[in-house]
Amino acid sequence: MRLRNQVLLLQVVVILVSLGVGFGIVISGSDDKLREEYGQRALAIARSVATDDQVRAEVAAGSGDSLDQNALAGGPLQAQAVAVADRTGALFVVIANNRGLRLAHPDTTELTRPLSTDPGRALGGREDLAADRGTLGESVRAKVPVLAPDSTEVVGLVSVGISTEKISDDLRGDVIALVLIALAALLTGVVGSALLARRWRRLTLGLEPDQLAELVREQGAVLHSIGEGVVAIDPSGVVRVINDKARTLLGVTADIGTPVAEVGLTARVLEVATTPVQTPRSAAVGDRVVLVSSHRVRRDGTDLGIVLSVVDRTDVEALTRQLDSIKSMTDALRAQRHESANRMHVTAGLLRQGDAGAALDYLDEVMGTGPYGIDLPGSENINEPHLRAFLDAKAASARERGVLLTLGPQTLVSGTLQDPVAATTIVGNLIDNAIEAASSGALEAASGGAPAQVEVELIVADDTLLVVVSDSGPGVGLADPQQVFTEGVTTHKDDSVPGGRGMGLALSRQLARTRGGDLTLVDAGGDARQPDNVLGGAVFVARLPRMLSPHEPAEPLDEEPVR
């Protein structure tokens, strides 16, 4: 049997038992209560009659054994007794003298005859209340003594009876009313139980307890074993499920049951969590890059909420940066190979023509004075090996795109990077963006215009590395230039990148801020550039505390650098 049917049946049984017990208790005491109620009513009627002045006088005058039945039948006592019985609904109102002889009776043939029940208690001056059978049938009767008009002498009694059949009729009416009330309560309980069972079915999606238990076990096993983060949010915006992977990737420590707006999600992730987004979006969370997507879940037309999926793309980003570095070095080697081959061809041609002197002059020029004959100008001021090699590779990559990469005049770096990956990530993102912006002017430079240029300036203050990158590009082409740090905001569209572009600057700023530093746009360039902006493009400044550990500067090399 389904659980909802069991619950319905159990509730019906509980209602029936409760009603049965309550009904039995009420009915068991109803008869006694009604008898007590009618007895008190009879006693009150008898008292009112016994204390009437006319009744007291007539009873005192009718004492003794010499009584006239006809006179009593038409007398005032008989009339008053009949009137009181009719008015109160009593079975009888009987008046007797001090000998126990009837002075008033509903049946006039019974006048002057002795009472059918013992009058001794009432004639003794005490009230008597009992259930008894007399000439008019079984009744609850009350006997009250009648006193003489001007003394405490008992001169007779008043007996008032209420039929037990009337008690039974009233009891049957009460029972019928109680039965109707019980049936109404039972019907209400059954309807309520049915509605509750229906509500239960909707809440459990028609699943039985064993199915729910199995579902919970499977959910726990699946959610905590998959490699993706999963967050389930109900229609009211409260987090109901979040697995360990999602907590790690999103940095969430809040408990289940917390509103999604209060669990500590970044603005971009929160936007995806509240509005279904089928296409994954990149988001920077701390030092991680994640892909987030969401979809709304419905079952049988009921909205069950939103499920947020989170995939870690940090390793992919790291591999991408490494591939970019390898590509830069490959481009640099390819450029050097191409240049070397050209120089060898020139040298060989001069020698074949017998012009050895011109060949020697050409070799002297390319070995010491040509634009590609030495490393990046100013790189001798960078004693940190990672940065020096990285900038050499970026310079070669820039040359391939027709962009001249130079070092600022104040560049001076000594020490060792404590976190080479973070440093090269931030510097590399800034240089790559600058090269891409400046490359738009490379064609103009090739036709005799101003050269496309990127300038990088590296300064060390104690253990803090300051990085200034400027370019000759058109500047930041956004209405609000500071939006360049917002995740997903970019002026370059590339659908081949999962989650879209626009993550480099956002991630670089977060990396800088996690170290206590920052990355800022100090000049948007373009038409709104500052007067001291020589190159005319955007200028970014990164401050990276605790990035360098000092060491003794290396001795400069006397020999020429290896190409």
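Calculation criteria
Residues numbered from 1 in each chain as written. Predicted model: local features only at pLDDT ≥ 70, side-chain atom pairs only at ≥ 80, totals over all residues. Heavy atoms only, no water. Helix = DSSP H or I, 4+ residues; strand = E, 2+ residues; numbered from the N terminus. Buried < 20%, exposed > 50% of the residue type's maximum accessible area, 1.4 Å probe, protein only. Contact = heavy atoms within 4.5 Å. Areas by Shrake-Rupley, 256 points an atom, 1.4 Å probe, with all protein chains shown as cover. Expected span 1.5 Å × (residues − 1). Arc of directions from axis to C-beta. Pairing = 2+ DSSP bridges. Axes fitted to C-alpha atoms, helices over the stretch in contact; angles between N-to-C directions. Polar contact = N/O pair within 3.5 Å; in protein donor to acceptor, adjacent residues only side chain to side chain. Salt bridge = Lys/Arg side-chain N within 4 Å of Asp/Glu carboxyl O.

1. Comments concerning the overall build of the chain
Inference 1: For the chain, the helix and strand inventory stands at 15 helices and 17 strands.
Inference 2: Classification of the 563 residues of the chain by burial places 39% in the buried group.
Inference 3: A sequence separation of at least 24 residues applies to 59% of the contacts in the chain between residues at least 6 apart.
Inference 4: When the accessible surface of the chain is totalled, it reaches about 30,400 Å², and 55% of it is carbon and sulfur.

2. Notes on helix H4 (residues 76-88)
The α-helix winds at 3.6 residues per turn, so residues separated by three or four positions along the chain end up facing the same way.
Inference 1: A rise of 1.5 Å per residue sets the reference length of H4, with its 13 residues, at 18 Å; its end C-alpha atoms lie 18 Å apart and thus fit the reference within 8%.
Inference 2: Along H4, the positions that sit buried rather than exposed are Leu-77, Gln-78, Ala-81, Val-84, Ala-85 and Thr-88. Angular distribution of buried residues about the axis of H4 spans 135°; they occupy a single face of the element. In this structure, H4 carries Ala-79, Asp-86 and Arg-87 as exposed residues pointing more than 90 degrees from its buried face.
Inference 3: Residue Gly-89 follows H4 closely and has a positive phi angle near 80°.

3. Thoughts on unusual backbone geometry
Inference 1: Of note, Asp-462 is a non-glycine position whose phi angle comes to about 60°, a positive value.
Inference 2: One can find Asp-462 in the loop between strand S13 (452-461) and strand S14 (464-471).
Inference 3: Even without being a glycine, Arg-546 presents a positive backbone phi close to 50°.
Inference 4: Turning to its location among the elements, Arg-546 is positioned in the loop between strand S16 (539-544) and strand S17 (548-549).

4. Some words on the sheet that holds strand S15 (residues 518-523)
Inference 1: Spatial strand order, S11-S13-S14-S16-S15: five strands in an open sheet with mixed pairing. Every other strand in the sheet has two partners, leaving strand S11 (403-407) and S15 as the edge strands with one partner each. Pairs of neighbouring strands in the sheet enclose a mean axial angle of 15°, with direction left out of account.
Inference 2: Pairing of S11 with S13 involves five bridges; the strand directions are parallel. What sits directly across from Thr-406, in S13, is Glu-455.
Inference 3: Across the sheet, helix H12 (residues 385-400) is in contact with S11, S13 and S14; its angle to S11 comes to roughly 155°.

5. Quick notes on the environment of Ala-359
Inference 1: The residue Ala-359 is located in helix H11 (residues 356-368) in this model.
Inference 2: For the pair Ala-359 and Gly-349, spaced ten residues apart in sequence, the C-alpha to C-alpha distance is 8.6 Å.
Inference 3: The residues touching Ala-359, leaving out its near neighbours within four places in the chain, are Thr-347, Leu-350 and Leu-351.

6. Focus: helix H2 (residues 53-61)
Inference 1: Regarding H2, the residues found buried are Val-55, Arg-56 and Val-59. Each buried residue of H2 lies within a common arc of 100° when the element is viewed along its axis, so the set occupies one face. The exposed residues of H2 that point more than 90 degrees off its buried face are Asp-53 and Ala-61.
Inference 2: Where H2 begins, the capping side chain belongs to Asp-52, and its oxygen is found 3.2 Å from the backbone nitrogen of Gln-54.

7. Here's the deal with the pattern of salt bridges
Side chains that differ in sign of charge can pair as their charged atoms come close.
Inference 1: Per the counting criterion, the structure on display carries eleven salt bridges.
Inference 2: Between Asp-518 and Arg-509 there is a salt bridge, and its shortest N-O distance comes to 3.9 Å.
Inference 3: Residue classification places Asp-518 among the partly exposed positions, given a relative accessible area of 21%.
Inference 4: Salt-bridge contacts for Arg-513 lead to Asp-518; the nearest nitrogen and oxygen are separated by 3.0 Å.

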